Amino acid sequence: MSGSGKMKREKGPDVDDSTQAASTAKSGDHKVNPLSPWTYRNVELFELEYEAFFLRRWQFVGHVNEVAQTGDYMTVDLGRDSVIVVRGKSGQLKAFLNVCRHRGSRLLDGRGTCNRVIRCPYHGWTYTLDGELFRVPKKENFADFDQSGHGLHEIELEVFHGLVFVRIKGDGPTITEDFAHTGDYFTAYGVADYVPCLQVSTQVWNANWKVAWDNYLENYHIPVGHPGLNRLLRETDEAEELPSGVSYGVFRLRDKPSSIDVEQKYQQQFHCANARIPERIRHKWVQFGVTGNLGIDLYPEMLDMFQLVPLGPEKTLIRTCYYGHKHPTHEETHLRELNFRINDPVNEEDRVLCERVHTGLGTTGYSPGPLSSEESSICLFHDKVRELVPVSALRDQPLHGQVAAENTRLLNLPR
Ligand code: FES
Ligand SMILES: [Fe+2]
């Protein structure tokens, strides 16, 4: 349910159809302090955010089952950076920056299999699957060349229930620590054994990445922005926000049959995946958010990874990967098709909504209005932006060329 929004409340009991708990939550229990509009359009700030949120935090690449054999690789492009994950000779997965140590060419694209080595398409430098520089054509023409110091740049890699994450810079908690006890959900669905069930899809939205993430974080827009989803689902009180920035919320399918054919069919066939999952998660959609750019939507019939990749302050790539059981039943395959037919329009609705917000944020003299309690997660996210990139807390944009310096000054202030 890419970008459909997320509620954040304390973990609590489920509620029945009639209570509509989400819409009755009281406002005023969170700090209402949205980011200033300039922060959504500033190139210099974008560079600081890219470092703090994308280079220094875990990024999703794919599933271990996509790189099952020695030499199998997958890449992910993260704005100006790109990463290779490859299965080495010993069977171990490794992650490298996708850049040749000679003149900087990208090495690999997409997904595939290397024939024993990674070969640069420019001058033919080759690297072993463990990242060591193996062969340099016409090596005699390089003076005093120390081949051993020119292996690929290895970066951190971690597998969480089969999902492969990398971190380009920095340190801090592991992705498993970030998810804390919520890993139980991934065990219940058997995510570690999933395989891709559709090609990765990509789409460019003309909006700042924070507009897209703000949108993912709140469900206030669902009744008006996504009438189909609203017919199909209701929120429950099962939700939690972890200090790491990982959060989850649970939706339940409505009992009342939808008036729309595809939604009604989904409601009717939803039970077909019941045998695979425990009672407590049947008839539900579970949605995880990982601060800043990754949504994980767990359905009984599959999961999707909704990943925001910032291309610039006013452009964001939406990358969606789909995984599910290796041998789905005929009914589950049909349910997946129905899911796509339901969620594709939701994604398109979100694109239009986000682009309209991004355009509106550029309006001269605009200042943000109040946020409802259903948008409290946006406040938490904005607090995180201010914490990691303190210059974003300023109401007015610093002078051109001064954003980084001002940010450094604020970072060095005693806290
Ligand atoms: S850039 Fe890779 S071999 Fe020259
Ligand atoms: Fe949405």
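Refer to the structure printed above.
Procedures and definitions
- Residues numbered from 1 in each chain as written.
- Chains lettered and ligands numbered in written order.
- Predicted model: local features only at pLDDT ≥ 70, side-chain atom pairs only at ≥ 80, totals over all residues.
- Helix = DSSP H or I, 4+ residues; strand = E, 2+ residues; numbered from the N terminus.
- Contact = placed C-beta atoms within 7 Å.
- Pairing = 2+ DSSP bridges.
- Axes fitted to C-alpha atoms, helices over the stretch in contact; angles between N-to-C directions.
- Core = buried A, V, L, I, M, F, W, Y, C linked by C-beta atoms within 7 Å.
- Buried ≥ 20, exposed ≤ 12 C-beta atoms within 10 Å, placed from the backbone.
- Domains from an automatic or database assignment.
- Parallel < 35°, antiparallel > 145°, perpendicular 65-115°, else oblique.
- Nonpolar A, V, L, I, M, F, W, Y, C, P; charged D, E, K, R; others polar.
- Left-handed = near helix turned anticlockwise from the far one by under 90°.

1. Describing the overall build of the protein chain
If you tally the helices and strands in the protein chain, you get 11 helices and 17 strands. C-alpha atoms of the protein chain, sized along the principal axes, occupy 80 × 60 × 35 Å. Of the contacts formed within the protein chain by residues at least 6 apart in sequence, a portion of 67% connects residues at least 24 apart.

2. Examining unusual backbone geometry
At Arg-116, a position not held by glycine, the phi torsion is positive, near 75 degrees. Along the chain, Arg-116 falls in the loop between β5 (111-113) and β6 (117-119).

3. Here's the deal with the sheet that holds strand β14 (residues 284-290)
Taking strand neighbours across the sheet as the criterion, the seven strands line up as β11-β17-β16-β15-β14-β13-β12 in an open arrangement whose pairing is antiparallel. Both edges of this open sheet fall to β11 (195-205) and β12 (233-241), since each of them pairs with a single strand only. The average undirected angle you get between the axes of adjacent strands in this sheet is 15 degrees. Bridge analysis of β11 against strand β17 (residues 315-324) gives eight bridges, and the strand direction is antiparallel. From the neighbouring strand, Val-195 faces β17, where its bridge partner is Gly-324. In the packing of helix α5 (residues 209-217) onto the sheet, contacts are made with β11, β14, β15 (294-299), β16 (302-312) and β17, and the angle to β16 comes to roughly 150 degrees.

4. As for the sheet that holds strand β7 (residues 126-128)
Read across the open sheet, the three strands follow the order β6-β7-β8; overall the sheet is antiparallel. Each end of this open sheet is capped by a strand with a single partner; those strands are β6 and β8 (133-135). When strand polarity is set aside, the average angle formed by the axes of neighbouring strands in this sheet is 40 degrees. Relative to β7, β6 runs antiparallel, the two being bridged by three bridges. For Arg-119, the partnering residue across the bridge sits in β7 and is Thr-126.

5. Quick notes on the nonpolar core
With 94 residues, the main nonpolar core has Val-61, Val-83, Ile-84, Val-85, Phe-165, Ala-212 and Leu-303 as its most contacted residues. Looking at this core, the element that brings in the most residues is helix α2 (residues 43-55), giving seven residues. Counting only domains with at least three residues in this core, you end up with domain 1 (21-56 + 191-379) and domain 2 (60-158). Those residues in contact with Ile-84 that sit more than four places away from it in its chain are Tyr-73, Thr-75, Ala-95, Phe-96, Asn-98, Leu-107 and Leu-108.

6. Some words on the packing of α2 against helix α11 (residues 403-411)
Contact pair α2 / α11: the axes reach a minimum separation of 9 Å and the direction vectors enclose 50 degrees. Between α2 and α11, the angle falls in the class oblique. Here Glu-44, Leu-45 and Leu-48 of α2 lie close against α11, whose contacting residues are Val-403, Ala-404 and Asn-407. Among the residues making up the contact of α2 with α11, the classes are represented as four nonpolar, one polar and one charged.

7. Details of the pairing of β12
Here β12 lies mainly inside the structure; seven of its nine residues are buried. Across six bridges, the pairing between β12 and strand β13 (residues 247-253) is antiparallel. Along β13, the bridge assignment pairs Arg-234 with Arg-252. Remark: five residues form the turn of the hairpin made by β12 and β13, two consecutive strands paired antiparallel; Gly-245 in that turn has positive phi of roughly 100 degrees.

8. Some remarks on the packing of helix α8 (residues 261-269) against helix α9 (residues 330-361)
For the pair α8 and α9, the least separation of the axes is 10 Å and the interaxial angle reads 145 degrees. The element α8 and its partner α9 pack so that their crossing is left-handed. In contact with Val-262, Glu-263, Lys-265, Tyr-266 and Gln-269 of α8, α9 contributes Glu-331, His-334, Leu-335, Leu-338, Asn-339, Arg-341 and Ile-342. For the contact of α8 with α9, the per-class residue count stands at five nonpolar, three polar and four charged.

9. Notes on the environment of Gly-79
Tracing the backbone through its elements, the reader meets Gly-79 in the loop between β2 (72-78) and β3 (81-87). In this structure, the C-alpha to C-alpha distance between Gly-79 and Phe-145, residues 66 residues apart in sequence, is 32 Å. Setting aside chain neighbours within four positions, we find Gly-79 in contact with Tyr-50, Phe-54, Val-309, Pro-310 and Leu-311.

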